[in-house]
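Architecture at a glance
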Amino acid sequence: MKKSVLTRYRVMAYVTGVLLVLLTLGCVAKYGIDMDGADSFVKVVGIAHGWLYVLYLVFAFDLGSKAKWPVGKQLWVLLAGTIPTAAFFVERRISRELEAAAGDPAPVAAKA
């Protein structure tokens, strides 16, 4: 498996995760404390997250199919972009797992 496949997934995991956290905070501001301007913020961030989540799904599916993951693991990774902050934890775990399987010394250096 090429490292570029993992890199694309990692970038989209972070982008999707950040946008989902921002969207969640925007929804709290809009519905919880009725903040001015939150309506347009939620609309813009919601649209951006929605479209970029589709791209995340494509890259995550590509990664999972090339890594030959079972269906359950594939679904777990795909759904990580729908739970605030989950994408960060899943991305880290998947990256370490795939880098270790490839024999990349980077995860060992990161632990030191």
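Whatever comes next refers back to the structure up there.
Throughout what follows, the structure given in this document is the object of discussion. Just so we're clear, the structure is a prediction, and the values are computed from it rather than from any experiment.

**Looking at the overall build of the protein**
What the protein contains, in helices and strands, is 5 helices and 0 strands. Along the protein, from the amino end to the carboxyl end, the secondary structure elements read α-α-α-α-α. The dimensions of the protein, computed from C-alpha atoms along their principal axes, are 50 × 30 × 20 Å. In the protein, of all internal contacts separated by at least 6 residues, the share reaching a separation of at least 24 is 64%.

**Things to note about the pattern of salt bridges**
Throughout the structure, instances matching the rule amount to 6 salt bridges. Residues Glu91 and Arg10 are paired through a salt bridge, measuring 2.4 Å at the closest nitrogen-oxygen approach. Here Glu91, found in helix 4 (residues 86-102), pairs with Arg10, found in helix 1 (residues 3-32); they are 81 residues apart in sequence, far enough to count as distant. Taking relative accessible area as the criterion, Glu91 reaches 0% and is therefore assigned buried. Between Lys73 and Glu97 there is a salt bridge; the shortest N-O distance is 2.2 Å. Taken together, the residues span a long stretch of sequence, with Lys73 in helix 3 (residues 71-79) and Glu97 in helix 4 at a distance of 24 residues. Residue classification places Glu97 among the partly exposed positions, given a relative accessible area of 34%. What you see here is one network of salt bridges that share partners, running through Arg8, Asp62 and Lys66.

**A word on unusual backbone geometry**
Unlike most non-glycine residues, Asp34 shows phi in positive territory, near 50°. Within the element layout of this structure, Asp34 appears in the loop between helix 1 and helix 2 (38-67). One non-glycine residue with positive phi stands out, namely Lys68, at about 60°. With respect to the helices, strands and loops of the structure, Lys68 is situated in the loop between helix 2 and helix 3.

**With respect to helix 4**
The first and last C-alpha atoms of helix 4 sit 24 Å apart over 17 residues, in line with the 24 Å expected at 1.5 Å per residue. Every buried residue of helix 4 is accounted for by Ala86, Ala87, Val90, Glu91, Ile94, Ser95, Leu98 and Glu99. The arc that holds the buried residues of helix 4, viewed along the axis, is 165°, so those residues lie on one side. Relative to its buried face, helix 4 has exposed residues pointing more than 90 degrees away, namely Phe89, Arg93 and Ala100. In the stretch just after helix 4, Gly103 is the one whose phi turns positive, near 80°.

**Topic: the environment of Lys3**
Along the polypeptide, Lys3 turns up in helix 1. The spacing of Lys3 and His49 is 46 residues in sequence and 25 Å in space, taken between C-alpha atoms.

Conventions we followed
Residues numbered from 1 in each chain as written. Predicted model: local features only at pLDDT ≥ 70, side-chain atom pairs only at ≥ 80, totals over all residues. Heavy atoms only, no water. Helix = DSSP H or I, 4+ residues; strand = E, 2+ residues; numbered from the N terminus. Contact = heavy atoms within 4.5 Å. Salt bridge = Lys/Arg side-chain N within 4 Å of Asp/Glu carboxyl O. Buried < 20%, exposed > 50% of the residue type's maximum accessible area, 1.4 Å probe, protein only. Expected span 1.5 Å × (residues − 1). Arc of directions from axis to C-beta.

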